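Working through the structure, step by step
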Amino acid sequence: MNDPLAPFAPFEVPSHTLRALASTEPSTEGTRLIRDIRRSKRLVLLRAVLDAAPGGRAGEAADHWALLEEAERKDPGAARDVVHYPATGVWAEETLRRLHDPYGPAADLGHLGALAAAAALRAGVAFATTLRPVHGRLVLPTLGLLRPSHPGPLTLTEGSWDPSDPGTLPLHTLPGGGTALDDLDPYRAPGPEHPAPVRAARRLTPKGHKRWDTQWSGALTLLHRYDTLRAGETVQLLRSVVPLAGGSRSSGATLPAAAGSVLARAQAPPALAATLVHEVQHGKLTALADVLTLHTADRTPRHWAPWRSDPRPLEGLLHGAYAHLALAGYWQRAALYGARGAWAQHARIRAQVAAVLPVLRAHPQLTSTGREFTEAMGDAERAMDELPPPGDQHATARRAVDRERSTWCAEHPELAPFARG
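Since the model is a prediction, treat every value here as computed from it, not as a measurement.

Thoughts on the overall build of the chain
Of the regular secondary structure elements, the chain holds 13 helices and 10 strands. Radius of gyration (C-alpha) of the chain: 23 Å, near the 22 Å computed for a compact globule of 421 residues. Overall, the chain is about 70 × 45 × 40 Å in size when its C-alpha atoms are taken along their principal axes. Each of the 421 residues in the chain was classed as buried or not, and the buried ones make up 52%. Across the chain, every contact between residues at least 6 apart in sequence was considered, and the portion connecting residues at least 24 apart equals 68%. With the model as given, the accessible surface of the chain reaches about 18900 Å², and the carbon-plus-sulfur share is 53%. Placing the 47 positive and 43 negative side-chain charges of the chain at their respective mean positions leaves the two points 6 Å apart.

As for the sheet that holds strand S3 (residues 144–146)
Spatial strand order, S2-S3-S5: three strands in an open sheet with antiparallel pairing. Looking at the sheet topology across the chains shown, the edges are occupied by strand S2 (138–140) and strand S5 (168–170). Averaged over all pairs of adjacent strands, the angle between strand axes in this sheet comes to 20 degrees, irrespective of strand direction. Pairing of S3 with S5 involves three bridges; the strand directions are antiparallel. By the bridge assignment for S5, Leu145 is matched with Leu169.

Some words on the packing of aromatic side chains
Applying the stated criterion across every chain, the model contains four aromatic pairs. Judged by centre distance (5.6 Å) and plane angle (35 degrees), the ring pair of Tyr322 and Phe373 falls under tilted. Placement of the pair is Tyr322 in helix H10 (residues 314–337) and Phe373 in helix H12 (residues 368–383), with a sequence separation of 51 residues. A single burial state applies to Tyr322 and to Phe373, both of which are buried. Here the aromatic cluster, defined as three or more aromatic residues joined through ring pairs, consists of Tyr226, Tyr330, Trp331 and Tyr337.

Looking at the pairing of strand S4 (residues 154–157)
Burial along S4 is one-sided: Leu154 and Leu156 are buried, while Thr155 and Thr157, pointing the other way, are not. Bridge analysis of strand S1 (residues 128–131) against S4 gives four bridges, and the strand direction is antiparallel. Following the sheet pairing, Thr129 is matched in S4 by Leu156.

Notes on the side chain of His319
One can find His319 in helix H10. Under the relative-accessibility criterion, His319 is labelled buried at 12%. At 3.1 Å, the side chain of His319 forms a polar contact with the side chain of His282. Once you skip the residues sitting within four places of it in the chain, His319 turns out to touch His282, Leu285 and Thr286.

Observations regarding the sheet that holds strand S7 (residues 180–181)
By way of backbone hydrogen bonds, the strands of a sheet pair with one another, either parallel or antiparallel. Taken in spatial order, the five strands make up an open sheet running S6-S7-S8-S10-S9, and their pairing is mixed. Of all strands in the sheet, those with a lone pairing partner are strand S6 (172–173) and strand S9 (252–253), marking the two edges. Pairing of strand S8 (residues 240–243) with strand S10 (residues 261–264) involves four bridges; the strand directions are parallel. Looking across to S10, one finds that Val242 is bridged to Leu263. Sheet strands touched by helix H9 (residues 269–289): S9 and S10. Its angle to S10, the strand with the most contacts, is close to 140 degrees.

A look at the pattern of salt bridges
According to the stated counting rule, one finds 21 salt bridges in the structure shown. A salt bridge links Asp51 to Arg47; the shortest N-O distance between them is 2.5 Å. Residue Asp51 and its partner Arg47 are both found in helix H2 (residues 28–52); the two are separated by four residues, about one turn of the helix. Between Glu72 and Arg80 there is a salt bridge; the shortest N-O distance is 2.7 Å.

Details of unusual backbone geometry
A positive phi angle, close to 70 degrees, is found at Thr24, a residue other than glycine. Along the chain, Thr24 turns up in the loop between helix H1 (15–22) and H2. When its relative accessible area of 0% is taken as the criterion, Thr24 is described as buried. Phi is positive for His135, close to 55 degrees, though the residue is something other than glycine.

Let's talk about the nonpolar core
Counting 74 residues, the largest nonpolar core has Leu223, Val241, Leu276, Tyr330, Trp331, Phe373 and Met377 as its most contacted members. No other element matches H10, which puts 13 residues into this core. Grouped together as the second largest cluster of nonpolar side chains are 56 residues, Leu43, Val125, Leu255 and Leu263 included.

Some thoughts on the packing of helix H4 (residues 76–83) against helix H6 (residues 110–123)
For the pair H4 and H6, the least separation of the axes is 8 Å and the interaxial angle reads 155 degrees. Considering their axes alone, H4 and H6 lie roughly antiparallel with respect to each other. The way H4 lies across H6 gives a crossing that is right-handed. Listed contacts from H6 to Ala78, Ala79, Asp81 and Val82 of H4 are Leu115, Ala118, Ala119, Arg122 and Ala123.

Re the confidence of the model for the chain
Counting all residues, the mean pLDDT for the chain is 93, and 95% of those residues have values of 70 or more. Counting contacts from residues 2–7, a segment whose pLDDT is below 50, to residues more than four positions away or on other chains yields 11 contacts.

Calculation criteria
- What you see as residue numbers is a count from 1 along each chain, following the sequence as written.
- pLDDT decides what is reported in this predicted model: residues at 70 or higher carry local features, side-chain atom pairs at 80 or more are listed and counted, and totals for whole chains, interfaces and linings draw on all residues regardless.
- As a convention, hydrogens and water are excluded, and side-chain values are obtained from all of the structure's heavy atoms.
- Numbering of helices and strands runs from the N terminus, with a helix taken as a DSSP run of H or I at least four residues long and a strand as a DSSP run of E at least two residues long.
- Every radius of gyration here is taken over C-alpha atoms, with the globule rule written as 2.2 Å times N^0.38, N being the number of residues.
- Note on exposure labels: buried denotes an accessible area under 20% of the residue type's maximum, exposed denotes more than 50%, and partly exposed covers the range between, all computed with a 1.4 Å probe on protein chains only.
- Residues count as neighbours in contact if any of their non-hydrogen atoms are within 4.5 Å of one another.
- A 1.4 Å probe and the Shrake-Rupley method give the accessible areas. Residues count as covered only by the protein chains that appear here.
- Counting rule for charge: Lys and Arg are taken as positive, Asp and Glu as negative, and neither His nor the chain ends is counted.
- Working definition for charges: the position is that of NZ of Lys, CZ of Arg, CG of Asp or CD of Glu.
- Think of it this way: DSSP has to see at least two bridges between two strands before they count as a pair.
- Axis definition: a line fitted to C-alpha atoms, over the contacting stretch in the case of helices. Angles run 0 to 180 degrees between N-to-C directions.
- What counts as a ring pair is set by centres within 6.5 Å for rings of Phe, Tyr and Trp (its six-membered ring), and what kind of pair is set by the plane angle: stacked under 30 degrees, edge-to-face over 60, tilted for all other angles.
- As used in this structure description, the phrase polar contact means that two N or O atoms lie within 3.5 Å; if the pair is within protein, one of them must be able to donate a hydrogen and the other to accept it, and residues adjacent in sequence are counted only when both atoms belong to side chains.
- What counts as a salt bridge is simple: a side-chain nitrogen of Lys or Arg found within 4 Å of a carboxyl oxygen of Asp or Glu.
- Side-chain atoms within 4.5 Å are what join buried Ala, Val, Leu, Ile, Met, Phe, Trp, Tyr and Cys residues into a set we call a nonpolar core.
- When describing relative orientation, an angle under 35 degrees is termed roughly parallel and one over 145 degrees roughly antiparallel, while 65 to 115 degrees is termed roughly perpendicular and anything else oblique.
- Handedness of a crossing is defined here by the sense of rotation of the near helix relative to the far one, left-handed for an anticlockwise turn of less than a right angle and right-handed for a clockwise turn.
- Values of pLDDT, the confidence the predictor places in each residue, fall between 0 and 100.

Right under this line is the structure:
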């Protein structure tokens, strides 16, 4: 796969690209960099999985990888889409953890065979491989799942995938053709052994898929109307959306291992559009942090974040400020277009970001790169003055945020010094 198992290549991030990314505004160079980082990291993960495979399984893993390589020679785009599919990252990280934990659950090395089979099926390669379904289901990433009519191992060939077969359940594709609504892949989110604040929904009904189609189409329409560049960025950087289970308190979430995916709750198009803008930023910053050190702070939660009630570590504060900076820009553009309530959203969110940027920029554990990054974030926030909301909405929002900070400091007196830059 063009030397797919090469080490993680060093990335040079020019100052203008770094500052463009820091502003949260989409750019061709920034989007290309994020995608390149994700791809390189994924290949390093797969290399690590292959290297860690125990002796008895190493030959099997090598055979699966050989099939992946054959698929890429036939159809590079199809094979790479399987390898770089978001859920593949969750599987790779989980498998690597299990391979290095002799007392934990067994690693699912068989899933590499499912990846290879999916790539071969999509590429039209003649092949035969035997895989073992789990609980009567065999998931083929980016394609869907097979429900064999008989128990035991299943031999797959180039004719095994027929979307019209009753035993085949294709992965649902959202309108537009590039983003999957993934309610099938077992690695679309961490398993139950890993506590998480959000959970993926079970398989949706056709009615649930139709509801998502409507909400997704509406959200993309709004993004294109209000912020064309962010609409393009969303489509380019999101390969899958994973529906959140009912009752989830969060409207969206991003998993570092699942680069190119977001978990999102079914919601009205205006809310979904904002969720997509917000979560895409988390994914961008996660990728950037894989190749750049922005700070050296630990994970101790001590900072005030106006969008949350609990103290946050510096990393969490930086992520929150970055995602909310993008939201402030999005709502400003929506307001200029005439969207109802957008000026109030913009003023509130911008005031929140403005309140924490001094803390970020003055933090002693920022690296020189981190200082340049947060300075560029500050420049982007101040540039919003060129198109202010009508009346005194911004000043009113700032006063409200200051009151919230005072209340928080009174509730966390030991952390009050960390709430002001």
